[in-house]
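# Survey of secondary and tertiary structure
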Amino acid sequence: MADYGEYTIDELMCATLAAQFKDGDEVCNGMASFIPVAAIMLALRTHAPELVWLAGAAGVDPRPDRVPASTLESPLWRDSVMYLEQYGDFWNYAQSGRHLHTFCVGAAQLDQYGNANNSVIGDDYHRPKVRLPGTAGLADMGALGKNLLYWNTNHNPRSLVEKVDFVSCPGYLGGGDERDKLGLTGGPKLVVTNLAVLDFAPDSKRMRLRSVHPGVTVEQVQEATGFELLVPSSVEETPKPTAEQVRLLRDVIDPDGMCKREAGVK
Amino acid sequence: MNKVMTIEEAVGLVSDGEIVALQNMATQAAPMALVRELIRQEKRNLGLVCLVGGMAVDWLSAAGVIDRFIGAAVSMEQFGLCNQYRKAVEGGRVRVEELSETALNARLGAGARNLPFLPTRGMLGSDLIDINDNLTLLQDPFTGETVVACRALVPDVAFIHAHRADARGNVQIEPTIKWPDLGIFPKASKKVIVTAEEIVDTEVLRRNPDRTVLPGFAVDAVVEVPYGAHPTSFFPNYTYDTAFHLEWIKVARDDEATQAFLQKYVYEPATQADYLAAVGGAERILELTR
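In this text, all values refer to a predicted model and were calculated from it rather than measured experimentally. (Residues numbered from 1 in each chain as written. Chains lettered and ligands numbered in written order. Predicted model: local features only at pLDDT ≥ 70, side-chain atom pairs only at ≥ 80, totals over all residues.)

## Structural notes on the overall build of chain A
Short version of the rule: Elements are defined by DSSP. Helices are runs of H or I of four residues or more, strands are runs of E of two residues or more, and each kind is numbered from the N terminus. Within these notes, the globule rule equals 2.2 Å times the number of residues to the 0.38 power, and the radius of gyration is based on C-alpha atoms. Any residue surrounded by 20 or more other C-beta atoms within 10 Å of its C-beta is treated as buried, while 12 or fewer makes it exposed and the intermediate range makes it partly exposed; C-beta atoms here are placed from the backbone.
Along the backbone of chain A there are eight helices and 15 strands. In terms of overall size, chain A behaves like a compact globule, its C-alpha atoms giving a radius of gyration of 18 Å where 266 residues would be expected to give roughly 18 Å. Projected onto its principal axes, the C-alpha positions of chain A cover 45 × 45 × 35 Å. The buried share of chain A, taken over its 266 residues, is 55%.

## Brief notes about the interface of chain A and chain B
Selection criterion: Two residues form a contact once the distance between their C-beta atoms, set from the backbone, is within 7 Å. Following the grouping adopted for this structure description, the nonpolar residues are Ala, Val, Leu, Ile, Met, Phe, Trp, Tyr, Cys and Pro, the charged ones are Asp, Glu, Lys and Arg, and the polar ones are all others, Gly among them.
Contact with chain A, which involves 44 residues of that partner, is made by 44 residues of chain B. For the side of chain A that touches chain B, the secondary-structure elements that each account for two or more residues are helix H3 (86-95) and helix H4 (138-141) of chain A. In terms of residue count, the dominant contributor to the side of chain A that touches chain B is H3 of chain A (five residues). Split by residue class, the side of chain A that touches chain B holds 23 nonpolar, 15 polar and six charged.

## Notes on unusual backbone geometry
Residues His230 of chain B and Pro231 of chain B are joined by a peptide bond in cis, for which omega reads 10°. Position of Pro231 of chain B relative to the elements: it lies in the loop between strand S12 (221-224) and helix H9 (242-251). Here the bond from Phe235 of chain B into Pro236 of chain B is cis, since omega is 0°, no more than 30 degrees from zero. Note on placement: Pro236 of chain B falls in the loop between S12 and H9. The backbone phi angle of Leu173 of chain A is positive, close to 55°, even though this residue is not glycine. Mapped onto the elements of the fold, Leu173 of chain A is located in the loop between strand S11 (160-161) and helix H5 (178-181).

## Considering the sheet that holds strand S6 (residues 135-139) of chain B
All names here are of chain B. Note the following rule: Two strands qualify as a pair provided DSSP detects at least 2 bridges between them. Think of each axis as a best-fit line through the C-alpha atoms, taken over the contacting stretch in the case of a helix, with angles from 0 to 180 degrees between the N-to-C directions.
With respect to topology, three strands assemble into an open sheet ordered S5-S7-S6, the strand pairing being antiparallel. Strands at the two margins of the open sheet, each flanked by one partner only, are strand S5 (117-120) and S6. Averaged over all neighbouring strand pairs, the angle between strand axes comes to 40°, with direction disregarded. Of the pairings in the sheet, the one linking S6 to strand S7 (residues 146-151) comprises five bridges and is antiparallel in character. Bridge pairing in S7 links Leu137 to Val148. This element, helix H5 (residues 101-112), spans S5, S6 and S7 of the sheet and lies at about 155° to S5.

## A short note on the sheet that holds strand S13 (residues 196-200) of chain A
Two modes of strand pairing occur in sheets, parallel and antiparallel, and in both the strands are linked by backbone hydrogen bonds. Residues and elements named next belong to chain A. The six strands lie next to each other as S5-S10-S12-S13-S14-S15, forming an open sheet whose pairing is mixed. Every interior strand has two partners, whereas the edge strands, strand S5 (102-105) and strand S15 (236-237), have only one. Taken together, the two bridges between strand S14 (residues 207-212) and S15 define a ladder with parallel strand orientation. Looking at the pairing, Ser211 lines up with Glu236 of S15.

## Thoughts on the environment of Ser211 of chain A
All names here are of chain A. Mapping Ser211 onto the fold places it in strand S14. C-beta crowding within 10 Å serves as the criterion here: with 18 such atoms nearby, Ser211 is assigned to the partly exposed category. As for Ser211 and Ile40, which are separated by 171 residues in sequence, their C-alpha atoms are 22 Å apart. Once residues lying within four places of it in the same chain are set aside, the contact partners of Ser211 are Ala196, Val197, Val235, Glu236, Glu237 and Thr238.

## Structural notes on the nonpolar core
As a reminder of what qualifies: In plain words, the nonpolar core is the set of buried Ala, Val, Leu, Ile, Met, Phe, Trp, Tyr and Cys residues that C-beta atoms within 7 Å link up.
Formed by 180 residues in total, the largest nonpolar core has its most connected members in Cys14, Ala38, Leu42 and Val105 of chain A together with Val194 of chain B. Broken down by element, the residue count for this core peaks at 10 residues, all from helix H2 (residues 34-45) of chain A. Those residues in contact with Cys14 of chain A that sit more than four places away from it in its chain are Ile35, Ala38, Ala39, Leu42, Leu249 and Cys259 of chain A.

Pasting the structure below:
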């Protein structure tokens, strides 16, 4: 008998993200997003059977048999009920303000106010030290009133930084009411990493520790973070995934271990 | 009017310095035969427009064909970053105009409709606006709210790969996801060059007119190129070539190995048949069509 009481970090991250999706929500995924995809598939099989998934931001209500090797290729959107045309359909719904209120963001850098960078590392935009893939849809999702859920499988001081080198995805900008002043609604809600779950303080909008994963200390999280975290007087432990969640993820949703690969789990 | 050409003639319609809008996602549906022909004809100083560019952007950077990229991202997704593109940008040889997806759509949408610009609410608060002369903040004349005006973009030519076309340039796509590459690139561009897996009699298209995505009057050239998107995927016909992507990822870290790779797969194969033989022939193609 397999032991579903033991879990790996990708499984905990999937379960934590899945809990954020409410039944009846609409969510989409972008490329290289294995943990969000598995989280959506888990939510659909557990507490949110009416969650509407737009696979690759295009395939409506798909039925992939497992998490495939790519989250932006045809096996992900197999048996969709409709293909949204990206230019004419998807971005109309995404911009309408009436649909797709939640978006998962992965990026190379995330700062203390929830701004994300997937564009360049370095000071000179046109001669960067590192050219990253680019903003893709992040600059839109960050500005269009979405609730942003960040995931990061490698929590370290180079990925969680005091200030991003470049704002590809607007979060709370310089904190406080800066985002409101631009007329932007929504914004960063949660950060799920391999060490902890974090959110943002209501007034300052600074990143705040919400829970540490089992076996991780507050000090370890602070040490792995490139800025000073807000730490409440009592920090809870992140709930472990249930045995049933682990079974679904391991045997049904992601038998090829794409999430483990993404999270660097051996 | 018969629009059928050889690939040499079709790519001959592109002049140095022009802007090419290339159908492409990380590992999907890129008209790679046209990309190879751009390299073989030694085009220079081209601008490239993609929503998400993949291996094509890497090859065109390595071969010195492009000096600017306009788009939302460049990545081969599961296979990793495009290292030759990255090196060209970091070395100042390729300049990037990075746009959010709604901004790219707005620039092309304005171009298609002969409007000076279209606005988006995307990107507000990001650093993308200040560094880009083609974007500016604008007050909505009706409500006073701030939006981002995105200047019209009219590419000189769009490259499309399709499942089938007829000789007059009517183009069909099988039911699949349609990215802005199909939704707006060809409508915004001055010329449209299409490679198709097969050129068929118009009567074949009449059986499923709902699958026709481009009317012949809006297409300038049609070239028959079976497996013309290899090594990217072209569903439902074939999947992406994993081994070929892994080979490229490996050689792209080294400039000499990169040039040897381009020699073997781009410069030497004179025809599509030669290219398919070079990448593994019938055996490889059968694996990808399974």
